Amino acid sequence: MMDMNLQVYIDGEFKRLGDATVSVLDHGLLYGDGVFEGLRIYNGRVFKLTEHSKRFLESAKAILMELPLSLEEIDEVVLETCRRNGLKEGYIRLVATRGTGDLGIDPRKSPKPTIFCIAAGITLYPDEMYKTGISVVTAQQRRNNATILDPQIKSLNYLNNVLAKIEANHAGAQDALMLAQNGVVAECTGANIFLIKDGVVYTPPIYVGALDGITRRTIMDLIRAEGIVLHEKEFTLYNVYNADECFLTGTAAECIPVKSVDQRVIGNGKAGPITERLLDLFRKFVNENGTLI
C-alpha cells in the first residue's frame, strides 16, 4: 500500500497522493489516450533524466498532444517531486493524459492535457532473483506493430502488454515473452530481451516491435565498452531456447537474468557470467551517474 501522504505533482500543484485526482471524463482513463515515462532514482540521482523527458515529449508529439511544459520544465517537475518526498532511491512515474473531455473520442474536446508525476519506492523482483533468474513463458498475445500502434510510443494504452502478463501469471511465470506478428521475438511485457550465445550478445531491432528502452541503450553501451560483440538482429524462440544466457532490461527490472523460457532451461539455469558482469557494471554506473536531486 502506497503512502497517501506522498507529494504528487498534478497540473502545476503538489498535493497529497490521497487528494490527487483526475476526472472520470479524462481521456487517459476513458481511452488510454496519453503517454508516460518510468524513471529511476539511484543514490540521490535521477538516471537519464533528460533522455526520459525528451522521449516523453516525443511520445506526446507522436499522438499530436501538445504539452504546456518545456524539456527543462519537465526535468524540474521530476526533480521537485523527488525533493518533496525526500526520495534517494526509488521509481518515478511521469504521465500526460489528453485531459478532460466528453464521452466521445475526439481529442479536440480535450483542450488541456493533464500532467502528473509520482515518486515512490519500488521492488519489482526480490534480490535473490538477480542470482537465480526468473521464469518466462511465451504469450499467445502478439506484440503490437507500427501499423497498429507504434511500440516506440510510451502510450497509456498498455492492454496488449497486460494481456500477455495475465498469461504469465496463469502459467506461474514472472514474465511473458511477446512475439511479433511474423513470429520473431520482440520483447517481454515491460522489458527488452537479450541473448548470449558463444560469447556474442543479441537483441531484437526496434522495428520488430521492441521499445527503444533507455536501460536497453545503457546496457548496449556497457556491452560495447567491454569489447563484447553485440548484434541487433531478429531471432526466434529456437535461439532463445538454445541460448547460453538470457536477460531482460528495463527501468524497473534493471538487468534481470532468465533461468527458463517455456520450461526450457537457459544455460545452467541461473545468472550466467556475462549477465552477472553486466548487472555489476550497470549498478555501478547508475549509482555514479544521473541528475542530482
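Right above here is the structure, for reference.
All of the points below concern the structure found in this document. (Residues numbered from 1 in each chain as written. Predicted model: local features only at pLDDT ≥ 70, side-chain atom pairs only at ≥ 80, totals over all residues. Heavy atoms only, no water.)

1. Quick word on the overall build of the chain
- Within the chain, the secondary structure is distributed over 8 helices and 16 strands.
- Relative to a compact globule of 293 residues, whose C-alpha radius of gyration would be 19 Å, the chain shows 19 Å and is just as compact.
- Overall, the C-alpha framework of the chain stretches about 55 × 40 × 35 Å when taken along its three principal axes.
- Taken over 293 residues, the chain has a buried fraction of 52%.
- At a minimum sequence separation of 6, the contacts of the chain that also span at least 24 residues come to 70%.
- Of note, the chain has its 32 positive side-chain charges centred 1 Å away from the centre of its 37 negative side-chain charges. (Helix = DSSP H or I, 4+ residues; strand = E, 2+ residues; numbered from the N terminus. Rg over C-alpha atoms; globule rule 2.2 N^0.38 Å. Buried < 20%, exposed > 50% of the residue type's maximum accessible area, 1.4 Å probe, protein only. Contact = heavy atoms within 4.5 Å. Lys, Arg positive; Asp, Glu negative; His and termini not counted. Charge placed at Lys NZ, Arg CZ, Asp CG, Glu CD.)

2. Structural notes on the packing of aromatic side chains
- Counted under the stated rule, the structure contains 6 aromatic pairs.
- Aromatic pair Tyr9 and Phe14: ring centres 5.5 Å apart, planes at 70°, arrangement edge-to-face.
- Using a relative accessible area of 21% as the deciding quantity, one classes Phe14 as partly exposed.
- Seen from their ring centres, Phe47 and Phe282 are 6.2 Å apart, and the 80° between their planes marks the pair as edge-to-face. Taken together, the positions of Phe47 in the loop between strand 4 (45–46) and helix 2 (49–62) and Phe282 in helix 8 (residues 273–288) put the pair 235 residues apart, joining distant regions of the chain.
- Classification of Phe47 as buried rests on a relative accessible area of 5%.
- Ring-pair connections join several aromatic residues into one group, and the members of that group are Tyr42, Phe47, Phe282 and Phe285.
- When the ring centre of Tyr241 is taken as reference, the NZ or CZ atom of Arg264 above it lies at 4.1 Å. (Phe/Tyr/Trp six-rings, centres within 6.5 Å; stacked < 30°, edge-to-face > 60°. Lys NZ or Arg CZ within 6 Å of the ring centre and 35° of its normal.)

3. A word on empty space enclosed by the protein
- Applying the stated criterion across every chain yields a total of 1 cavity of 30 Å³ or more.
- Here the largest cavity is characterised by a volume of approximately 60 Å³.
- Lining the largest cavity, in full, are Leu39, Arg40, Tyr42, Phe47, His52, Ile214, Thr215, Gly250, Thr251 and Phe282.
- Looking at the lining of the largest cavity, the elements that each hand over two or more residues are strand 3 (34–42) and helix 6 (214–225).
- Ranked by residue count, the leading element in the lining of the largest cavity is strand 3, at 3 residues. (1 Å grid on protein atoms, 1.4 Å probe; cavity = no way out; pocket = protein on both sides within 12 Å on 5 of 7 lines; lining within 4 Å. Points joined across faces, edges and corners; volume = space filled by probe spheres on them.)

4. A short note on a nonpolar patch on the surface
- Taken together, the side chains of Val24, Leu25, Leu29, Leu30, Tyr31, Leu103 and Ile105 present a nonpolar region at the surface, about 690 Å² in accessible area.
- Considering the arrangement of structural elements, one finds Leu25 in the loop between strand 2 (13–16) and helix 1 (27–31).
- Classification of Leu25 as partly exposed rests on a relative accessible area of 31%. (Patch = residues over 30% accessible without salt bridge, like charges linked within 9 Å, V, L, I, M, F, W, Y side chains within 5 Å. Areas by Shrake-Rupley, 256 points an atom, 1.4 Å probe, with all protein chains shown as cover. Salt bridge = Lys/Arg side-chain N within 4 Å of Asp/Glu carboxyl O.)

5. Examining the pattern of salt bridges
- Applying the stated criterion across every chain yields a total of 20 salt bridges.
- A salt bridge links Arg84 to Glu80, with the nearest nitrogen and oxygen atoms 3.0 Å apart. With a gap of 4 residues between them, Arg84 and Glu80 both fall in helix 3 (residues 71–84), about one helical turn apart.
- Judged by relative accessible area, Arg84 falls into the partly exposed class, the value being 45%.
- Residues participating in the shared-partner salt-bridge network are Glu76, Glu80, Arg83 and Arg84.

6. Some details on the environment of Asp221
- If you trace the backbone, Asp221 turns up in helix 6.
- Taking the C-alpha atoms as reference points, Asp221 and Leu278, 57 residues apart in sequence, are found 10 Å from one another.

7. Concerning the environment of Gly12
- Mapped onto the fold, Gly12 is located in the loop between strand 1 (7–10) and strand 2.
- Put simply, Gly12 and Cys246 are 234 residues apart on the chain and 43 Å apart in space, counted from C-alpha to C-alpha.

8. Side note on the sheet that holds strand 1
- An order of 2-1-6-5-3-4-16 is seen for the 7 strands of this open sheet, with the pairing classed as antiparallel. Strands at the two margins of the open sheet, each flanked by one partner only, are strand 2 and strand 16 (291–292).
- Here 2 bridges tie strand 4 to strand 16, and the two strands are oriented antiparallel to one another. Bridge pairing in strand 16 links Arg45 to Leu292. (Pairing = 2+ DSSP bridges.)

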